[in-house]
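Breakdown of the fold
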Amino acid sequence: MNLDLVVELLYWRDVKTSGVVFGAGLSLLLSLTLCSIVSVSSYITLVLLSVTICFRIYKGILQAIQKSDEGHPFKLYLKQDVCLSEETVHKYSDCALARFNTTVIELRRLFLVEDLVDSLKFAVLMWILTYVGALFNGLTLLILGLVGMFSFPIIYEKYKVQIDHYVGMANKRVKDIIAT
């Protein structure tokens, strides 16, 4: 996905597209808090299948009444190639493998205390995350992250001057405290 498309999506340049993506993502995450992932995926599949079946029947009835010869309403989509090429699979699997190996090497370095300071920083981070985990579950954090992704960019764009002013004041205060 192109980075410009993501920026346009998060900054609500096309309100309909951003609304659909945000609404669908939020609905999915909220439904996952109520039902299992198996149930949610089954319900989503059933809804999509019901819509396509109803549309196909509707178009068939319209063709019979109007005596037109339009054919299958999804003919264009049925002819499109949806298979992944081997090159694409190799490209992404190589990328995933490189990231996995980097992560494993870094975790080995942290757990086997190659650098004491880094391992202590990691321990403090994990200790802080225990408190975060006690307050929120993973889905709640994902919901907050999704709402933040679609809210913060547009809020920052509208109130950039005020936000930068207060962030500057906070940075100055932190530097003063550290200096003291």
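Residues numbered from 1 in each chain as written. Predicted model: local features only at pLDDT ≥ 70, side-chain atom pairs only at ≥ 80, totals over all residues. Heavy atoms only, no water.

A word on the UniProt feature "domain: Reticulon" (unreviewed entry) in the protein chain. As recorded in UniProt, the sites labelled "domain: Reticulon" (unreviewed entry) are residues 6-180. End-to-end, the C-alpha atoms of residues 6-180 are 42 Å apart, and along that stretch the chain is 84% helix and 0% strand. (UniProt positions renumbered as here; feature names shortened; annotations may be inferred. Helix = DSSP H or I, 4+ residues; strand = E, 2+ residues; numbered from the N terminus.)

Our focus in this paragraph is the packing of helix 2 (residues 15-34) against helix 3 (residues 37-66). The contact between helix 2 and helix 3 brings their axes to 8 Å, and the two run at 135°. Here helix 2 is positioned oblique relative to helix 3, judged by the angle of their axes. Remark: the crossing between helix 2 and helix 3 carries right-handed chirality. Along the contact surface, helix 2 presents Leu28, Ser31 and Leu32, while helix 3 presents Ile37, Val40 and Ile44. Among the residues making up the contact of helix 2 with helix 3, the classes are represented as five nonpolar, one polar and no charged. (Axes fitted to C-alpha atoms, helices over the stretch in contact; angles between N-to-C directions. Parallel < 35°, antiparallel > 145°, perpendicular 65-115°, else oblique. Left-handed = near helix turned anticlockwise from the far one by under 90°. Contact = heavy atoms within 4.5 Å. Nonpolar A, V, L, I, M, F, W, Y, C, P; charged D, E, K, R; others polar.)

This next bit is on the pattern of salt bridges. Opposite charge on two side chains allows them to pair when their charged atoms are near. Inspection of every chain in the model, using the stated rule, returns three salt bridges. Of the charged contacts, one joins Glu106 and Arg109 as a salt bridge, the two residues approaching to 2.7 Å between their closest N and O atoms. One end of the pair, Glu106, and the other, Arg109, are both in helix 5 (residues 86-111), three residues apart, so they sit about a helical turn from each other. Look at Glu106 and you get partly exposed, because its relative accessible area is 33%. Residue classification places Arg109 among the buried positions, given a relative accessible area of 18%. The salt bridge involving Asp118 is made with Arg109; its shortest N-O contact spans 3.0 Å. Residue Asp118 is classed as partly exposed on the basis of its relative accessible area, which comes to 22%. Three or more residues joined by partner-sharing salt bridges are found here, namely Glu106, Arg109 and Asp118. (Salt bridge = Lys/Arg side-chain N within 4 Å of Asp/Glu carboxyl O. Buried < 20%, exposed > 50% of the residue type's maximum accessible area, 1.4 Å probe, protein only.)

This paragraph deals with the UniProt feature "transmembrane region" (unreviewed entry) in the protein chain. UniProt's feature table lists "transmembrane region" (unreviewed entry) at residues 20-49 and 135-156, given in the numbering used throughout. Counting secondary structure, residues 20-49 comes out at 93% helix and 0% strand; the distance between its end C-alpha atoms is 19 Å. Annotated as residues 135-156, this span is 91% helix and 0% strand, and its ends, taken at the C-alpha atoms, are 27 Å apart.

In the structure shown here, the tally under the stated rule is six aromatic pairs. Considering the side-chain rings of Phe111 and Phe122, the 5.6 Å spacing of their centres and the 85° angle between planes classify their relative orientation as edge-to-face. Separated by eleven residues along the polypeptide, Phe111 in helix 5 and Phe122 in helix 6 (residues 116-135) bring together distant segments of the chain. Since its relative accessible area comes to 58%, Phe111 is described here as exposed. Between Trp127 and Tyr131, the aromatic rings sit 5.2 Å apart at their centres with planes inclined by 90°, giving edge-to-face as the arrangement. Of this pair, Trp127 and Tyr131 are both found in helix 6, four residues apart, which corresponds to roughly one turn of the helix. Taken together, the ring pairs connect Trp12, Phe22 and Phe150 into an aromatic cluster. (Phe/Tyr/Trp six-rings, centres within 6.5 Å; stacked < 30°, edge-to-face > 60°.)

Below, the discussion takes up a nonpolar patch on the surface. On the surface, a cluster of nonpolar side chains totalling about 500 Å² of accessible area is made up of Leu49, Ile53, Ile57, Ile61 and Ile65. Note on placement: Ile61 falls in helix 3. (Patch = residues over 30% accessible without salt bridge, like charges linked within 9 Å, V, L, I, M, F, W, Y side chains within 5 Å. Areas by Shrake-Rupley, 256 points an atom, 1.4 Å probe, with all protein chains shown as cover.)

This paragraph deals with the nonpolar core. As a rule of thumb, nonpolar side chains are buried together in soluble globular proteins. By size, the foremost hydrophobic cluster in this structure holds eight residues: Leu9, Leu10, Phe22, Leu26, Leu29, Ile143, Leu146 and Phe150. Of all the secondary-structure elements, those providing two or more residues to this core are helix 1 (3-10), helix 2 and helix 7 (138-158). When sequence neighbours within four positions are dropped, the list of residues in contact with Phe22 reads Trp12, Leu146, Val147 and Phe150. (Core = buried A, V, L, I, M, F, W, Y, C linked by side-chain atoms within 4.5 Å.)

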